[in-house]
Amino acid sequence: MSKPRKPKGRPISGWLILDKPLDFGSTEAVSKIKWLFKAQKAGHAGTLDPLASGMLPIALGDATKTVPYVMDGRKIYEFTVAWGEERTTDDLEGDVIRSSAERPTEEAIRALLPKYTGVISQVPPQFSAIKIDGERAYDLARDGEAVEIPAREVEVFRLSLIGCTPHLAHFEIECGKGTYVRSLARDMGRDLGCFGHIASLRRTFVAPFGEDDMVPLADLVALEKIEDDAERLAALDDFLIETGEALSGLPHIAVNDDQAHRLKMGNPIILRGREAPLPAPEAYATARGKLVAIGEIAEGEFRPRRVFATS
């Protein structure tokens, strides 16, 4: 009987908050980071289009187990809408399908903002990762198929006009999971009677990570010149954020080494005393600042559901 294959790469765990450059795909970025860090596993928390820049949280190793918690977090984008043209992709990459000589006034734009604040109904772009009968919408669109994508509800917490010229308007938006800024530009252009598409898009925040956490790709690539493997990898690892930081929105308990061992074996631990946390469907436990487990607090116990061996 053959032995199971040993995973390639280092069993590191943590988050790298990449400042993704333009013209660089999210999957390409993850592959590059995985290769640089020689990590066994890597994944990202929310796609950024090649024509978008900014925050792309990348999870390495066991941190990939926490990706859903970051995917669900609030996001902030800065974006520019160019008026006068609607395009197939709802951004600069697509072909022009509608045009208008009309241009909106600043007053008209500001008057429209409340319509796109709160819980709104939105149809994702034809060129998007939405699945239609098992296939990605962008694959169908590239094949020339016009598909009907159902509208869905998304939440916009804040939409601000930063400035505008006759042809361009600059915005900042804070929104929930699944919001397409390209769809927002398209729909606002239709409402204003002038059409519109995204001219620039930058993500600056993905809860719980902020702008100060972002690392430019060039800073990481520059470390390739360090010939000594151990020295180079240590320099790269300095950019990693602890796995547990992705869970900062959940209730937290600190445990001792004995309790951490029990949790890693899949066993619950008893929570006693006045400081015992309240029941919670999801919480996380750390030992010595390292993530040990995600689980629930119920009936005076912390019950692990996912354990972390390498964080």
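Residues numbered from 1 in each chain as written. Predicted model: local features only at pLDDT ≥ 70, side-chain atom pairs only at ≥ 80, totals over all residues. Heavy atoms only, no water.

The name an unreviewed UniProt entry gives the protein chain is tRNA pseudouridine synthase B, with Sinorhizobium terangae as the organism. Among the UniProt annotations of the protein chain, the heading Function (unreviewed entry) holds the following wording: "Responsible for synthesis of pseudouridine from uracil-55 in the psi GC loop of transfer RNAs." In its Sequence similarities (unreviewed entry) section, the UniProt entry covering the protein chain states "Belongs to the pseudouridine synthase TruB family. Type 1 subfamily." (UniProt positions renumbered as here; feature names shortened; annotations may be inferred.)

Colleague: Would you take a moment to explain the overall build of the protein chain for this structure?
Modeller: On a plain count of helices and strands, the protein chain comes out with eight helices and 18 strands. Dimensions of the protein chain, computed from the C-alpha atoms along their principal axes, are close to 70 × 50 × 40 Å. Looking at the protein chain as a whole, 47% of its 311 residues are labelled buried. Intrachain contacts of the protein chain at a sequence separation of at least 6 include 69% that bridge at least 24 residues. With an accessible surface of roughly 16,200 Å², the protein chain has 50% of that area assigned to carbon and sulfur atoms. (Helix = DSSP H or I, 4+ residues; strand = E, 2+ residues; numbered from the N terminus. Buried < 20%, exposed > 50% of the residue type's maximum accessible area, 1.4 Å probe, protein only. Contact = heavy atoms within 4.5 Å. Areas by Shrake-Rupley, 256 points an atom, 1.4 Å probe, with all protein chains shown as cover.)

Colleague: Is there a simple way to explain the packing of aromatic side chains in this structure?
Modeller: What describes a pair of aromatic rings is the distance from one ring centre to the other and the angle between the planes of the rings. The full count for this structure, using the stated rule, is two aromatic pairs. For the ring pair Trp 15 and Phe 209, a centre distance of 5.6 Å and an interplane angle of 45° mean the geometry is tilted. Within this pair, whereas Trp 15 is found in strand E1 (residues 14–20), its partner Phe 209 is found in the loop between strand E12 (196–206) and strand E13 (215–216), the two being separated by 194 residues in sequence. This pair shows no difference in class: Trp 15 is buried, exactly as Phe 209 is. With centroids separated by 5.1 Å and ring planes inclined at 15°, the aromatic side chains of Phe 79 and Phe 171 adopt a geometry described as stacked. Taken together, the residues Phe 79 in strand E4 (residues 75–83) and Phe 171 in strand E11 (residues 168–175) connect sequence positions 92 residues apart. Here Phe 79 matches Phe 171 in class, with each residue buried. Above the face of the Phe 308 ring, Lys 65 is positioned so that its terminal group lies 5.1 Å from the ring centre. One Lys or Arg, Arg 74, reaches over the ring of Phe 157 and ends 3.4 Å from the middle of that ring. (Phe/Tyr/Trp six-rings, centres within 6.5 Å; stacked < 30°, edge-to-face > 60°. Lys NZ or Arg CZ within 6 Å of the ring centre and 35° of its normal.)

Colleague: What's the story with the sheet that holds strand E15 (residues 269–270) in this structure? I'm lost.
Modeller: Strand order across the open sheet formed by five strands is E14-E16-E17-E18-E15, with mixed pairing between neighbours. Pairing within the sheet leaves two strands with one partner each, and these edge strands are strand E14 (252–254) and E15. Strand direction decides the pairing type here: E14 and strand E16 (residues 280–287), joined by three bridges, are parallel. If you follow Ile 253 over to E16, its bridge partner there is Ala 285. (Pairing = 2+ DSSP bridges.)

Colleague: How do you make sense of the side chain of Thr 243 when you look at a structure like this?
Modeller: Positionally, Thr 243 belongs in the loop between helix H7 (229–237) and E14. Classification of Thr 243 as buried rests on a relative accessible area of 0%. Among the polar contacts made by the side chain of Thr 243, one reaches the side chain of Ser 13 at a distance of 2.6 Å. Within the structure, Thr 243 has its side chain in polar contact with the backbone nitrogen of Gly 14 (distance 3.4 Å). (Polar contact = N/O pair within 3.5 Å; in protein donor to acceptor, adjacent residues only side chain to side chain.)

Colleague: How should helix H5 (residues 181–191) be read in this particular structure?
Modeller: A large share of H5 lies buried, amounting to nine of its eleven residues. Within two residues after H5, Gly 193 carries a phi angle of roughly 75°, on the positive side.

Colleague: I would appreciate a short explanation of the pattern of salt bridges in the present structure.
Modeller: Pairs may arise between side chains of opposite charge once their charged atoms sit close together. All chains considered together, the criterion is met by 23 salt bridges. Note that Glu 86 is salt-bridged to Arg 98, the shortest N-O span being 2.7 Å. Within this pair, whereas Glu 86 is found in strand E5 (residues 85–87), its partner Arg 98 is found in strand E6 (residues 96–99), the two being separated by twelve residues in sequence. (Salt bridge = Lys/Arg side-chain N within 4 Å of Asp/Glu carboxyl O.)

Colleague: Any chance you could explain helix H8 (residues 257–264) here in plain terms?
Modeller: Helical geometry note: an α-helix holds 3.6 residues per turn, so side chains three or four residues apart project in the same direction. The backbone nitrogen of Asp 258 has a side-chain oxygen 3.1 Å away, supplied by the residue at the start of H8, namely Asn 256. Gly 266 sits one or two positions beyond H8 and adopts a positive phi of about 90°.

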